[in-house]
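Coordinate inspection notes
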Amino acid sequence: MPDADRTIADATCTACGCLCDDIVLTVSNHRIVAAEHACPIGAAWFLADHGPGDRPIATIEGQPATAEQALGRAAEILAKSRSPLIVGLTRTSLETQARAVAIADRLGAAIDPGDSGDSLPRWRAIQRVGIVSATLGEVKNRADVIVFWGVDPITTHPRHLERYSVGPRGRFVPEGRAGRTVVVVDVAPTATSAVADRFVRIVADEQGEVLATLRALVLGVEMPEAEDPVRELAETLKTARYGAFFFGPDLGRSRGGEAVVEDALKLVRDLNHATRFVALTLGGPGNPSGAEAVLTWQAGSPRAVDFSAGFPQFLPDDATAEAMLSQGRADAVLIVADDPTGFLSGEARAHLGRIPTIVIGPDATSRDATVALGSATMGIHSGGTIMRCDGATLPLRPALATTRPSDLEWLTDLERRLTEIPGEPRAISP
Ligand code: SF4
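Just so you know, these numbers come straight off a predicted model, no measurement behind them. (Residues numbered from 1 in each chain as written. Predicted model: local features only at pLDDT ≥ 70, side-chain atom pairs only at ≥ 80, totals over all residues.)

**As for the sheet that holds strand β11 (residues 242–247)**
- If you walk across this open sheet you meet the five strands as β10-β9-β8-β11-β12, and the pairing is parallel. Both outer strands of the open sheet, β10 (198–201) and β12 (276–281), are each paired with one neighbouring strand and no more. Direction aside, the axes of adjacent strands within the sheet are offset by 15 degrees on average.
- With five bridges joining them, strand β8 (residues 145–149) and β11 adopt parallel strand pairing. Residue pairing in the sheet places I146 in a bridge with A244 of β11.
- Most of the contacts of helix α9 (residues 228–238) go to strand β9 (residues 181–186), to which it runs at about 140 degrees, and overall it touches β8, β9, β10 and β11. (Pairing = 2+ DSSP bridges. Helix = DSSP H or I, 4+ residues; strand = E, 2+ residues; numbered from the N terminus. Axes fitted to C-alpha atoms, helices over the stretch in contact; angles between N-to-C directions. Contact = placed C-beta atoms within 7 Å.)

Shown next as structure tokens:
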């Protein structure tokens, strides 16, 4: 569709985990010139120049190539690989993520969103103790106590308070902000603590102890050594009509790692003996929740899935992108719609530089890659469905046209190419 001057209602912003779906975009002269309702982060995302400039559609070894040439080379690399890895996936649609999992299955590849260092502690804790959760709509309509533990949504998710957690009038919280008690627990004051009713300062590496103390107090155990702020917080949690506990990756990074996340999930679980309490993350930009959901639907685990045995295996110590690369076990990498290198160690990045890489993404042809396939930008040029951190699915309403294929089209063509290559039997990993 040509970029005629027009407005697009209810566009979805993917710049942070709020995934606000009430943005009104104005398109003029092939650019988005206004993004009504967007916060400064969202506006900067929508109003940026998303055009490909003079970048070629595809490159091989840094040299411009046709789409057919590049796809042929990419398919050849993957077909020859004995231990391929597919990584990325967080900045694309559910449909593309599903296609990437299908290709991993076909290749016998390991597949991992790449940020497992941040996300695995949460998932391992969830797998052990479960999570009592809810949609953000339920939080908006019911929650009278909101806890932000180690997160600062005013800075990172600017409309979270306004849309979901603090400001909105809910069905059972008709007073909106006045009907909610907001508590921030963090290692230092933040923008969010400045607007909270209470700030509880903690030491990063003592979060496990604080959570265990809270849990004991909630369960009615005498804890004479508990400090007053913790005692008061326990009382606030217990007397909530409905509470929501928002946490982030810092919990899993503190001393104790996944055990600390487990403590938080157990606290929320135990609060449900006396009241209703739920735990949620704030979510990340793009579609990381979708990547975890698609992997779970199709392969049984949210990350670190290895198809090399002919069936999916969750191998959290062996099949993460970090493990596959830092241990030198991947011999070719397909990076889809993301740049996970920021999450990788120096060793992993060094190995990545030594093996063939195929990159699909809007900026692919300006990155180091053996084969780069330049794609449309999700939510700007290409549509599909994405998933919020609470599991709600949202449609994308792209505003601009482009001549670039979407990442889904690239992957579909790549899969077709792979079916045309007569394959050698793939070695099965020991
Ligand atoms: S809060 Fe997040 S999703 Fe909403 S407009 Fe701002 S950046 Fe976009």
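Moving on from the coordinates now.
**Some thoughts on the packing of helix α8 (residues 207–218) against helix α11 (residues 258–271)**
- Relative to each other, α8 and α11 sit at 20 degrees, their axes nearing to 9 Å. Comparing their axes, α11 and α8 come out roughly parallel. Note on packing geometry: the crossing formed by α8 with α11 is left-handed. Packed against α8, whose contacting residues are Q207, G208, L211, A212, L214, R215 and V218, the element α11 presents A259, V260, D263, A264, K266, L267, D270 and L271 at the interface.
- For the contact of α8 with α11, the per-class residue count stands at nine nonpolar, two polar and four charged. (Parallel < 35°, antiparallel > 145°, perpendicular 65-115°, else oblique. Left-handed = near helix turned anticlockwise from the far one by under 90°. Nonpolar A, V, L, I, M, F, W, Y, C, P; charged D, E, K, R; others polar.)

**Let's talk about the nonpolar core**
- In this structure, A74, L85, I86, A100, A104, I111 and V336 are the most contacted members of the largest nonpolar core, which totals 77 residues.
- Top contributing element to this core by residue count: helix α2 (residues 67–80), with six residues.
- Looking at this core, you find at least three residues from each of domain 1 (6–47) and domain 2 (58–116 + 286–420).
- Setting aside residues no more than four positions away along its own chain, I111 makes contact with I86, A100, V101, A104, L295 and V305.
- Counting residues in each nonpolar core, the second largest holds 50 residues, with V145, A196, L233 and L280 among its members. (Core = buried A, V, L, I, M, F, W, Y, C linked by C-beta atoms within 7 Å. Buried ≥ 20, exposed ≤ 12 C-beta atoms within 10 Å, placed from the backbone. Domains from an automatic or database assignment.)

**Side note on the sheet that holds strand β7 (residues 110–112)**
- Within the open sheet, the nine strands sit side by side as β5-β4-β17-β16-β15-β6-β7-β13-β14. Their pairing is mixed. For this open sheet the edge positions go to β5 (63–65) and β14 (313–314), each flanked by a neighbour on one side alone.
- Here helix α3 (residues 94–107) sits on the sheet in contact with β6 (84–88), β7 and β15 (332–336), set at roughly 170 degrees to β6.

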